[in-house]
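Here is how the chains run, residue by residue.
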Amino acid sequence: MTILPTAIRRAVMADELGPPDAYRLVDHDPGPPSPTQVRISVRAAGISFVDVLTAAGGYQVKPPVPYIPGSECAGVVDATGDEVRDFAVGDRVVGSGWGGMFANAVNLPARTIRSMPQALSFEEAAVFPVSYATAWHALVDRGRLQAGETLLVLGAGGATGYAAVQIGKYLGARVIGSASSESKRALAAAGGADAVIDARADDWRDQVRAANGGQGVDVVFDPVGGEVTEPAFRSLAWNGRHLVIGFPAGIASLRTNLPLLKGASLIGVDIRQFGIFEPEKSAANRDAVFGLAVEGILRPAIARSYALADFQAAMEDAAAGKSAGRIVLTMD
């Protein structure tokens, strides 16, 4: 095993799942990596709505306690297990997993690690893996988005929404971004959206149709849920596909006559279970999006960075969902 000396390590932890103020910054050493693991000295960790939801116990699968939140990070390898051959101490890497990232150091299986693209900063790399892998799986595997089709992205200024805008453009689609604030619409446009519309407009469906030349859209990317899901589904063209990514605005209900009348499909997208049931395909997808990041084609947007000690404010910011771009924790 190869190990670099390290300073005192800390982590955000709670003995019971709960809101941000249930968590504390405590001394925490993850110990040496197992033979198949890599230990990362974390430089930055991404915070998403799902991270905060999971930390609160509101996600559909509850993690064991005590719990350290965080599902993605970027940093430098400071120790490798005896069986690890693809990484060495000092390598800049990006990691993802289910918890453990709001910390100075984390042990992760080497198979979940990727070399950090030189085009990205630590902060950008820390918010890259989950959002872009989710958007790729949704649009390519589940939505079968084709060049020349029209993609409607809800929450286009958010984490997975912004990733979907960029990937949709890369795949050759016409992209319509829907977002709730001027700053989020500006971000979606900067990410490549061909048209942007106000998610809170009274004539929202009319604006969607007008943005697509009076026609319905082929694919809806929906990480929002709530009241917007039904009008979005109604905006589909024949043989349209509505991708359910998440529902921070609430779980919606659809009348079953709608899919029948449109010949349309309502399709669930669960990146966590995809990795469990189809690990090889999941790994190939991550290779694809990381390759595009290396080329500079895909790049996340950072709204704000917080120091590790300010984790509560960072989690509250991410939970509010008002920022255009991602929220990041930076380590000591």
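To be clear, the structure that these remarks concern was listed above.
Please read all numbers here as calculations on a predicted model, not as lab measurements.

Draft legend 1. Representation of the nonpolar core in the model. Grouped together as the largest cluster of nonpolar side chains are 43 residues, with contacts concentrated most on Phe 128, Tyr 132, Leu 139, Leu 151, Val 153, Phe 221 and Leu 243. Of all elements in the fold, only β5 (72–80), α2 (122–126), α3 (129–142), β9 (150–154), α4 (159–170), α5 (182–190), β12 (217–222) and α10 (279–294) reach the threshold of two or more residues within this core. By size, the runner-up hydrophobic cluster in this structure holds 35 residues, among which are Met 13, Ile 47, Val 93 and Leu 308.

Draft legend 2. Up close: the pattern of salt bridges. On inspection of all chains with the given rule, the structure shows 12 salt bridges. The salt bridge involving Arg 241 is made with Glu 149; its shortest N-O contact spans 2.9 Å. Of this pair, Arg 241 sits in strand β13 (residues 236–244) while Glu 149 sits in the loop between α3 and β9; the two residues are 92 residues apart in sequence, bridging distant segments of the chain. When sorted by exposure, Arg 241 lands in the same class as Glu 149, which is buried. Between Glu 230 and Arg 234 there is a salt bridge whose closest N-O contact spans 3.0 Å. Linking Glu 230 with Arg 234, this pair stays in helix α7 (residues 229–234), spanning 4 residues, or about one helical turn. Accessibility expressed as a relative area gives 27% for Glu 230, which makes it partly exposed. Arg 234 gets classed as partly exposed once you look at its relative accessible area, which sits at 29%. Because the salt bridges share partners, they merge into one network encompassing Arg 9, Asp 29, Arg 39 and Asp 78.

Draft legend 3. Geometry of α3. Here α3 contains 14 residues, and its C-alpha end-to-end distance of 18 Å stays within 8% of the 20 Å for a straight helix at 1.5 Å per residue. By the criterion of burial, α3 is predominantly enclosed, with 10 of the 14 residues buried. Buried residues of α3: Pro 129, Ser 131, Tyr 132, Ala 133, Thr 134, Ala 135, Trp 136, His 137, Ala 138 and Leu 139, and no others. Looking one or two residues beyond α3, the residue adopting positive phi is Arg 144, at roughly 50°.

Draft legend 4. Region of the structure containing the sheet that holds strand β14 (residues 265–268). Read across the open sheet, the 6 strands follow the order β11-β10-β9-β12-β13-β14; overall the sheet is parallel. With one partner strand each, in any of the chains shown, β11 (195–198) and β14 form the two edges of the open sheet. Here the average twist between neighbouring strands, direction ignored, is 20°. Bridge count between β12 and β13: 5 bridges; the pairing is parallel. Across the sheet, Phe 221 pairs through a bridge with Leu 243, a residue of β13. Strands in contact with α4 are β9, β10 (174–179) and β12; relative to β9, the strand with the most contacts, it is inclined by about 165°. Lying on the sheet, helix α6 (residues 204–211) is in contact with β9, β10, β11 and β12; it crosses β11 at an angle near 175°.

Draft legend 5. Quick look at the packing of aromatic side chains. Under the criterion given, the structure shown has 3 aromatic pairs. With a centroid separation of 4.5 Å and an interplanar angle of 15°, the aromatic rings of Phe 128 and Tyr 132 are classed as stacked. An identical accessibility class is assigned to Phe 128 and Tyr 132; each is buried. Between Trp 136 and Tyr 170, the ring centres sit 6.3 Å apart and the planes meet at 35°, which makes this aromatic pair tilted. You can see Trp 136 sitting in helix α3 and its partner Tyr 170 sitting in helix α4, a full 34 residues away along the chain. The class of Tyr 170 is partly exposed, set by a relative accessible area of 41%. Clustering of aromatic rings is evident, with ring pairs tying together Phe 128, Tyr 132 and Phe 290. Of note, Arg 272 hangs over the ring of Trp 98, and the distance from its end group to the ring centre comes to 5.8 Å.

Draft legend 6. Focus on α10. The end-to-end C-alpha separation of α10 is 22 Å, in line with the 22 Å expected for 16 residues at 1.5 Å each. For α10, the set of buried residues is Ser 282, Asn 285, Arg 286, Val 289, Phe 290, Leu 292 and Ala 293. Down the axis of α10, the buried set is contained in an arc of 155°. They therefore lie on one face. More than 90 degrees from the buried face of α10, the exposed residues found are Glu 280 and Val 294. Looking at the buried positions of α10, the neighbouring elements they touch are β6 (92–96), β8 (113–115), α3, α4 and α9 (271–277). Directly beyond the C-terminal end of α10, a positive phi value near 85° is found at Gly 296.

Cut-off values and rules
Starting afresh in each chain, residues are numbered from 1 along the sequence in its written order. Restriction of local features to residues with pLDDT of at least 70 applies here, the model being predicted, together with a cutoff of 80 or more for giving and counting side-chain atom pairs; totals for whole chains, interfaces and linings are based on all residues. Values reported for side chains reflect all heavy atoms of the structure, with hydrogen atoms and water molecules removed beforehand. Here, nonpolar core means buried Ala, Val, Leu, Ile, Met, Phe, Trp, Tyr and Cys residues that are tied together by side-chain atoms lying within 4.5 Å of each other. Summary of the burial criterion: residues with accessible area below 20% of their type's maximum are buried, those above 50% are exposed, and those between are partly exposed, where the area comes from a 1.4 Å probe applied to protein chains only. We count a stretch as a helix when DSSP gives it H or I for four or more residues in a row; a strand needs E for two or more, and each element gets its number in order from the N terminus. Salt bridges are defined as contacts in which a side-chain nitrogen from Lys or Arg sits within 4 Å of a carboxyl oxygen from Asp or Glu. A helix is expected to span 1.5 Å for every residue after the first. Paired strands are those between which DSSP finds at least two bridges. Angles run from 0 to 180 degrees between N-to-C directions of axes, and those axes are lines fitted to C-alpha atoms, restricted for helices to the stretch in contact. Contacts between residues were defined by any pair of non-hydrogen atoms, one from each residue, lying within 4.5 Å. Ring pairs shown here join Phe, Tyr and Trp side chains whose ring centres sit within 6.5 Å, with only the six-membered ring taken for Trp; geometry is labelled stacked below 30 degrees between planes, edge-to-face above 60, and tilted in between. Cation placement over rings: the criterion is NZ of Lys or CZ of Arg within 6 Å of the ring centroid and within 35° of the ring normal. Directions from the helix axis toward the C-beta atoms define the arc.

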